[in-house]
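Observations on the model geometry
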Amino acid sequence: MDTSVKQSPEPPAPAAAAPSPAAYRNLVLATVGFALTFWAWNLIAPMSGDYKDRLGLSSFQQSLLVAVPVLVGSLGRIPVGALTDKYGAKLMFPLVSALTIVPVLLLIPAKNSYGAMLAVGFLLGLGGTTFAIGVPLVNAWFPPHKRGFALGVFGMGMGGVALSGYFTPRIAKHGDNLPFLVVAGALVVFALVAAVLVTDHPGRKIPTDTLAHRLGAAGRLRVTWELSALYAIGFGGIVAFGVYLPTYLKTWYEMSPTEAGTKAAGFALVTVVFRPIGGWLSDRIHPAVVTSVALLLAALMAIVQAFEPPLNPVGTIALLAMAAGLGTASGSVFALVSQVTPQPKVGSVTGIVGAMGGLGGFVPPLVMGAIYSAKDSYAIGFMLLSDLALAGCVYAYGRMRTVQRDE
């Protein structure tokens with residue numbers, strides 16, 4: 001066992017104590033910051049059609065342009081989570097938010113060069129790392145019986161991606177550069193507010209070893225990879241559908257782009273709403289059980305959709321119920337993180353788990369597209385999704401219910 005960080009008891013608070021006002025203040029700030037930086041992280045995707053036409057991009061070049069910030073943001077959570085363990089969210093949240101302003105503004109001069117856009121997209125990935133800052137911050141401030149709901153509320157910040165998808169193109173109608181100026185201005189305000197009001201828990205344990213050693217220690221924990229696999233199914237499924245659902249609806253149900261986008265936004269909204277519900281349930285039922293049931297629901301709905309039902313009402317019900325299951329699972333998995341991870345390692349473990357969740361969302365769209373190209377049907381893709389969700393369901397119930405925190 002790694003002894004470089006001595007685990008001490010939970011921050012001193014009775015089991016039934018109510019969270020302090022400072023806890024709620026930090027939760028609100030973390031959620032707002034998460035949403036704003038995720039909006040910035042997703043600035044390119046809503047405008048990718050415009051970039052494709054302006055720069056004469058192929059479909060692959062367009063996909064790469066959209067994927068670069070997402071991939072960098074997902075992988076960047078690993079070091080950022082470990083740095084948060086070391087330096088705290090009071091430093092990391094305003095710092096990362098302020099640094100994200102740079103690539104947001106660089107999107108303005110870069111918009112006429114594909115190479116420059118790729119380089120800026122790489123830097124823009126920084127905005128996707130704040131998830132690994134907020135989880136350890138919220139986890140430290142809330143007592144165990146409230147952490148699930150608090151982490152679920154924080155997770156609603158992922159709705160920043162949906163906000164970007166809806167508002168960015170609409171703001172751009174009033175000026176090509178206006179979305180970037182608006183988001184940069186919002187980040188400036190948040191970074192200043194966060195520098196003053198975000199506070200680390202006074203009982204926070206500060207690790208003394210190196211970044212590489214902490215990441216290695218987190219990577220050696222079996223639960224890190226078990227949680228990563230479950231989160232890759234839950235949150236990865238959300239990311240996958242966020243990316244691919246408009247294409248699926250346009251291709252299979254012959255919807256207009258606007259109608260498909262609206263339906264996809266409804267799917268995203270359901271996942272955002274059910275994430276805190278998953279956390280809230282995890283405060284009352286073991287989070288492994290909540291995860292298991294949520295993944296079972298997603299698996300059953302994937303099977304229904306594999307039979308290619310009419311969209312109204314069966315397909316709509318199946319897709320929205322699948323969104324509810326995936327959203328619930330993404331909330332309950334992080335309630336499980338807080339339950340089975342030693343407190344000084346929460347940031348490092350969160351970074352790895354969050355990275356795997358983000359990366360997990362980019363395999364399914366590729367598989368779905370390849371299967372449709374080969375078979376002219378999405379049925380096999382949905383059955384594979386159901387198999388994966390069922391495997392997660394069984395593992396969560398059979399193994400994760402018995403895992404104890406490694407002190």
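Up top is the structure these notes are about.
The text that follows walks through the structure, step by step, so that each part is easy to find. Here the structure is a predicted model, which means the values were calculated and not measured.

Topic: the pattern of salt bridges
Counted according to the given criterion, the structure contains 3 salt bridges. Between arginine 54 and aspartate 176 there is a salt bridge, and its shortest N-O distance comes to 3.9 Å. Separated by 122 residues along the polypeptide, arginine 54 in helix H2 (residues 48–55) and aspartate 176 in the loop between helix H8 (160–172) and helix H9 (178–197) bring together distant segments of the chain. For arginine 54, a relative accessible area of 32% gives the class partly exposed. Residue arginine 399 is joined to glutamate 226 by a salt bridge in which the shortest nitrogen-to-oxygen separation is 2.6 Å. Separated by 173 residues along the polypeptide, arginine 399 in the segment after helix H17 (379–398) and glutamate 226 in helix H11 (residues 222–252) bring together distant segments of the chain. Here the salt bridges share partners, and the residues they tie into one network are Arg222, Glu226 and Arg399.

A few points about the packing of helix H7 (residues 144–155) against helix H14 (residues 311–340)
The interhelical angle for the contact between H7 and H14, taken along N-to-C directions, is 135 degrees, at an axis separation of 9 Å. With respect to H14, the element H7 is oriented oblique. The handedness of the crossing between H7 and H14 is right-handed. In this structure, H7 uses Arg147, Gly148 and Leu151 to contact H14, whose residues at the interface are Phe334, Ala335 and Ser338. For the contact of H7 with H14, the per-class residue count stands at 3 nonpolar, 2 polar and 1 charged.

Remarks on the packing of aromatic side chains
Within a pair of aromatic rings, the relevant descriptors are the distance that separates the centres and the angle that separates the planes. Per the counting criterion, the structure on display carries 13 aromatic pairs. The interplanar angle of 85 degrees and the centroid separation of 5.4 Å between the aromatic rings of tyrosine 24 and phenylalanine 142 together place this pair among those described as edge-to-face. Separated by 118 residues along the polypeptide, tyrosine 24 in helix H1 (residues 21–41) and phenylalanine 142 in the loop between helix H6 (131–141) and H7 bring together distant segments of the chain. Owing to a relative accessible area of 40%, tyrosine 24 belongs among the partly exposed residues under this scheme. When its relative accessible area of 3% is taken as the criterion, phenylalanine 142 is described as buried. The interplanar angle of 25 degrees and the centroid separation of 6.1 Å between the aromatic rings of phenylalanine 131 and phenylalanine 154 together place this pair among those described as stacked. With phenylalanine 131 in helix H6 and phenylalanine 154 in helix H7, the pair connects residues that are 23 residues apart, well separated along the chain. You can call phenylalanine 154 buried: its relative accessible area is 1%. Through a chain of ring-to-ring contacts, three or more aromatic side chains come together here, namely Phe34, Phe38, Trp41, Phe131, Phe154, Tyr231, Phe235 and Phe334. Lying over the aromatic face of tyrosine 397, arginine 401 brings its terminal NZ or CZ to 3.9 Å of the ring centre.

With respect to the nonpolar core
Formed by 104 residues in total, the largest nonpolar core has its most connected members in Val104, Leu227, Leu249, Met322 and Phe382. Per-element tally for this core: the top contributor is H14, with 14 residues. When residues no more than four places from it in sequence are discounted, the contact partners of valine 104 are Ala40, Leu43, Leu124, Phe180, Val183, Ala184 and Leu187.

Focus: the side chain of threonine 328
The residue threonine 328 is located in helix H14 in this model. Within the structure, the side chain of threonine 328 is placed 2.7 Å from the backbone oxygen of alanine 324, a separation counted as a polar contact. Residues contacting threonine 328, with those up to four places away along its chain left out, are Phe274, Gly278, Val290 and Ala294.

Considering the environment of glycine 148
Note on placement: glycine 148 falls in helix H7. Residue glycine 148 is classed as buried on the basis of its relative accessible area, which comes to 3%. As for glycine 148 and alanine 335, which are separated by 187 residues in sequence, their C-alpha atoms are 4.5 Å apart. Sequence-distant contacts of glycine 148, that is, excluding residues within four places in its chain, are made with Gly279, Trp280, Asp283 and Ala335.

Rules and cut-offs
- Residues numbered from 1 in each chain as written.
- Predicted model: local features only at pLDDT ≥ 70, side-chain atom pairs only at ≥ 80, totals over all residues.
- Heavy atoms only, no water.
- Salt bridge = Lys/Arg side-chain N within 4 Å of Asp/Glu carboxyl O.
- Helix = DSSP H or I, 4+ residues; strand = E, 2+ residues; numbered from the N terminus.
- Buried < 20%, exposed > 50% of the residue type's maximum accessible area, 1.4 Å probe, protein only.
- Axes fitted to C-alpha atoms, helices over the stretch in contact; angles between N-to-C directions.
- Parallel < 35°, antiparallel > 145°, perpendicular 65-115°, else oblique.
- Left-handed = near helix turned anticlockwise from the far one by under 90°.
- Contact = heavy atoms within 4.5 Å.
- Nonpolar A, V, L, I, M, F, W, Y, C, P; charged D, E, K, R; others polar.
- Phe/Tyr/Trp six-rings, centres within 6.5 Å; stacked < 30°, edge-to-face > 60°.
- Lys NZ or Arg CZ within 6 Å of the ring centre and 35° of its normal.
- Core = buried A, V, L, I, M, F, W, Y, C linked by side-chain atoms within 4.5 Å.
- Polar contact = N/O pair within 3.5 Å; in protein donor to acceptor, adjacent residues only side chain to side chain.

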